[in-house]
Amino acid sequence: ETHFTSEVILRRAINAALRVGGDKELQLVIDFARRTDIKDDIKAEALAALGTWTNPSYTDRVDGRYRGKIERDPATVKAKVLPFIAGFLKEKNPETLIAVAGLLADLKISENNADLAKIYDETTEPKVKAAILPALNQLGYGQIDAIIKKGMEDKDESVRTVSLGLLNNNNVTKESLPVIVNSIFTKGTTREQQKMLEVLGKMEADKTQVILGGLIDQLKNKQLSPNLSLELKEAVDASGIASLKEKMAALKPNASALDEYAETLFGGNRFAGRNIFLNNSTAQCVRCHAIGNSGGAVGPSLTHIADVLTREQLLQALVEPSVRIAPGFGMVTLTLKDGQTVNGTLAKETAEELTINTSDAEPLVIPVARIAKRENMPSGMPPMGSLLSKREIRDVIEFLANLKK
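The structure presented is a predicted model; accordingly, all values stated were derived computationally and were not measured.

Student: Please set out the overall build of the chain residue by residue, giving values where relevant.
Tutor: Of regular secondary structure, the chain possesses 20 helices and seven strands. For 405 residues, the compact-globule estimate of 2.2 N^0.38 gives 22 Å, and the C-alpha radius of gyration of the chain, at 28 Å, exceeds that figure by more than 25%. Dimensions of the chain along its principal axes, counting C-alpha atoms only, are 90 × 60 × 35 Å. A total of 405 residues make up the chain; the buried ones form 41% of that total. Nonlocal contacts in the chain, meaning residues at least 24 apart in sequence, comprise 61% of its contacts between residues at least 6 apart. As displayed, the chain has an accessible area near 21,500 Å², and 51% of this comes from carbon and sulfur atoms. One finds the centroid of the 52 positive side-chain charges in the chain at a distance of 1 Å from the centroid of its 52 negative side-chain charges.

Here you go:
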């Protein structure tokens, strides 16, 4: 229909056709995607729906409900879509071209690889290049090695990083790998170096053993950025090389809980951390902690937490929440040197004294010198190490470490 302009209605209509999934509905979505009088983001949605036609997501694209597994004949869908691909590839909008690249990869349509490569060469949009690269790789493009090399030399970091991620045992030799690694660790950004380490973790041990051993030495001698510690440890673990694992473990003998998470102190993505804080359904940080006027009041506000806690203290608060009590939020039991016991809420703490709120009207100010034993009651906050991955904890630390006045 041409008279519907509501984006909500159009998205629901596309989704309904995808769910019904017959030949008639498939043709309707193809015809809709070919129209020139619809918004680019709606056209991109229609193209994305075509890409997933043979195997739609278990969850609904509109309402997120579980819909179950659906499989349709790829040959039928490909035959219907193929005649219109050349027209779709003439689109100019970046979001639409990204959707077309995904459509070709999803439906395994390799007949237009040369056209897709031409678009890569002509576009100035980094996000379009970043979508075309993995699509061509997935579609077995004959000159993929050359286009990956071109991507690694692109002026945009995101394109270079995507290209790096496509390196594998098939397109990198043992002789060429050290040259690539040296270039990335000499001139690359932190993000590129992290991606390079991820790639090394997926390659044959014969190619990576010497390289990883050298990087461990650099980390030991503080010649490697701590932003890369986590990726290096993951790459070493993935390599399966026992001698490298032992060498890595020797950097942290008798590791404490904090030592075990030392790789998470630096190198995170603050925007990903913000998303975890606000939206992660497992950690549920925002239920108890507020930032600004948003969030709960069960735990302390974190609005300017970076002015109060160091990265190391933030890490401890995440993985060992009962060790340090935020003033006003935890119960403490003190046994004094004269045998007296004091129970209450920690109101304030300095190196010299503790201020405790008890049932008495006035807070008790107790010099540290009078305390024989201190016991913090377990925090209501669960240790995040059991709920989040090390990468997620690293991102949360990066987010919290930037919450300053």
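Student: Give me the environment of M384: which residues, what numbers.
Tutor: Relative to the helices and strands, M384 resides in the loop between β7 (371–376) and α20 (390–400). Non-local contacts of M384, meaning those with residues more than four positions away in its chain, are made with A283, L318, V319 and I393.

Student: Tell me about the sheet that holds strand β5 (residues 353–357), residues and numbers included.
Tutor: Overall, antiparallel pairing links the five strands, which are arranged β6-β5-β4-β3-β7 in an open sheet. Strands with a single pairing partner mark the edges of an open sheet, and in this sheet they are β6 (364–367) and β7. Each adjacent strand pair in this sheet contributes to an overall mean axis angle of 45 degrees, direction not counted. The pairing of strand β3 (residues 331–336) with β7 spans five bridges and is classified as antiparallel. Note on β7: the bridge partner recorded for L334 is R374.

Student: Explain the packing of aromatic side chains to me, using residue names and the numbers behind them.
Tutor: Counted under the stated rule, the structure contains two aromatic pairs. The interplanar angle of 85 degrees and the centroid separation of 6.2 Å between the aromatic rings of Y58 and Y66 together place this pair among those described as edge-to-face. According to the relative accessible area criterion, Y66 is exposed, its value standing at 62%. In this structure, R270 is placed above the aromatic ring of F271, and the distance from its NZ or CZ to the ring centre is 5.9 Å.

Student: Account for helix α7 (residues 113–122), naming residues and giving values.
Tutor: For α7, the complete set of buried residues consists of N113, L116, A117, I119 and Y120. The buried residues of α7 occupy one face: seen down the axis, they fall within an arc of 155 degrees. Turned more than 90 degrees away from the buried face of α7 sit A114 and E122, all of them exposed. Those residues of α7 that are buried are in contact with α6 (94–106), α8 (126–138), α9 (144–152) and α10 (157–165).

Student: Could you give an account of the environment of R34, naming the residues involved and the relevant values?
Tutor: Within the secondary structure layout, R34 lies in the loop between α2 (23–33) and α3 (40–51). As for R34 and E349, which are separated by 315 residues in sequence, their C-alpha atoms are 67 Å apart. Among residues more than four places away in sequence, those in contact with R34 are K43, F84 and F88.

Student: I'd like a rundown of the side chain of E231, residues and numbers included.
Tutor: With respect to the helices and strands, E231 occurs in helix α14 (residues 229–239). When residues no more than four places from it in sequence are discounted, the contact partners of E231 are Q194, L197, E198, R391 and R394.

Student: So what about unusual backbone geometry? Which residues, and what values?
Tutor: We note that K108 has phi near 55 degrees; this positive angle belongs to a residue other than glycine. Within the secondary structure, K108 sits in the loop between α6 and α7. Despite not being glycine, K222 has its phi angle at roughly 60 degrees, a positive value. Tracing the sequence through the fold places K222 in the loop between α13 (205–220) and α14. On the accessibility criterion, K222 (74% relative accessible area) is exposed.

Student: Hey, could you go over the pairing of strand β4 (residues 341–349) for me, with residue numbers and the actual values?
Tutor: Here β3 runs beside β4; their pairing, made up of five bridges, is antiparallel. Its bridge partner being in β4, T333 is matched across the sheet by N343. Where β3 folds back onto β4 in an antiparallel hairpin, the turn is made up of four residues, including G339, whose phi is positive at roughly 95 degrees. Of the pairings in the sheet, the one linking β4 to β5 comprises four bridges and is antiparallel in character. In the strand pairing of β5, L346 is matched with I356. Where β4 hands over to β5, the hairpin turn is made up of three residues, counted between the paired strands.

Student: For the packing of helix α1 (residues 7–20) against α3, give the residues involved together with the corresponding values.
Tutor: For the pair α1 and α3, the least separation of the axes is 10 Å and the interaxial angle reads 10 degrees. On the basis of the axis angle, α1 is roughly parallel to α3. When α1 is examined against α3, the residues E7, L10, R11, I14 and L18 are found in contact with a partner set consisting of D41, I42, E45, A46 and A49.

Student: Describe the pattern of salt bridges, with residues and values.
Tutor: One side chain can pair with another of opposite charge once the charged atoms of both are near each other. Evaluated as defined, the whole model comprises 28 salt bridges. Across the salt bridge formed by K118 and E122, the nearest N and O atoms sit 2.7 Å from each other. One end of the pair is K118 and the other is E122, both in helix α7 and four residues apart, which spans about a single turn. We note a salt bridge from D206 to K174, for which the minimum N-O separation is 3.3 Å. Note that D206 is positioned in helix α13 and K174 in the loop between α10 and α11 (177–187), a separation of 32 residues in sequence. A residue is classified by how much of its surface remains accessible, and D206, at 54% relative accessible area, is exposed. The class for K174 is partly exposed, based on a relative accessible area of 41%. Taken together, the shared-partner salt bridges in this structure form one network comprising K195, E198, E231, E234, R391 and R394.

Reading guide: rules and limits
- Residues numbered from 1 in each chain as written.
- Predicted model: local features only at pLDDT ≥ 70, side-chain atom pairs only at ≥ 80, totals over all residues.
- Heavy atoms only, no water.
- Helix = DSSP H or I, 4+ residues; strand = E, 2+ residues; numbered from the N terminus.
- Rg over C-alpha atoms; globule rule 2.2 N^0.38 Å.
- Buried < 20%, exposed > 50% of the residue type's maximum accessible area, 1.4 Å probe, protein only.
- Contact = heavy atoms within 4.5 Å.
- Areas by Shrake-Rupley, 256 points an atom, 1.4 Å probe, with all protein chains shown as cover.
- Lys, Arg positive; Asp, Glu negative; His and termini not counted.
- Charge placed at Lys NZ, Arg CZ, Asp CG, Glu CD.
- Pairing = 2+ DSSP bridges.
- Axes fitted to C-alpha atoms, helices over the stretch in contact; angles between N-to-C directions.
- Phe/Tyr/Trp six-rings, centres within 6.5 Å; stacked < 30°, edge-to-face > 60°.
- Lys NZ or Arg CZ within 6 Å of the ring centre and 35° of its normal.
- Arc of directions from axis to C-beta.
- Parallel < 35°, antiparallel > 145°, perpendicular 65-115°, else oblique.
- Salt bridge = Lys/Arg side-chain N within 4 Å of Asp/Glu carboxyl O.

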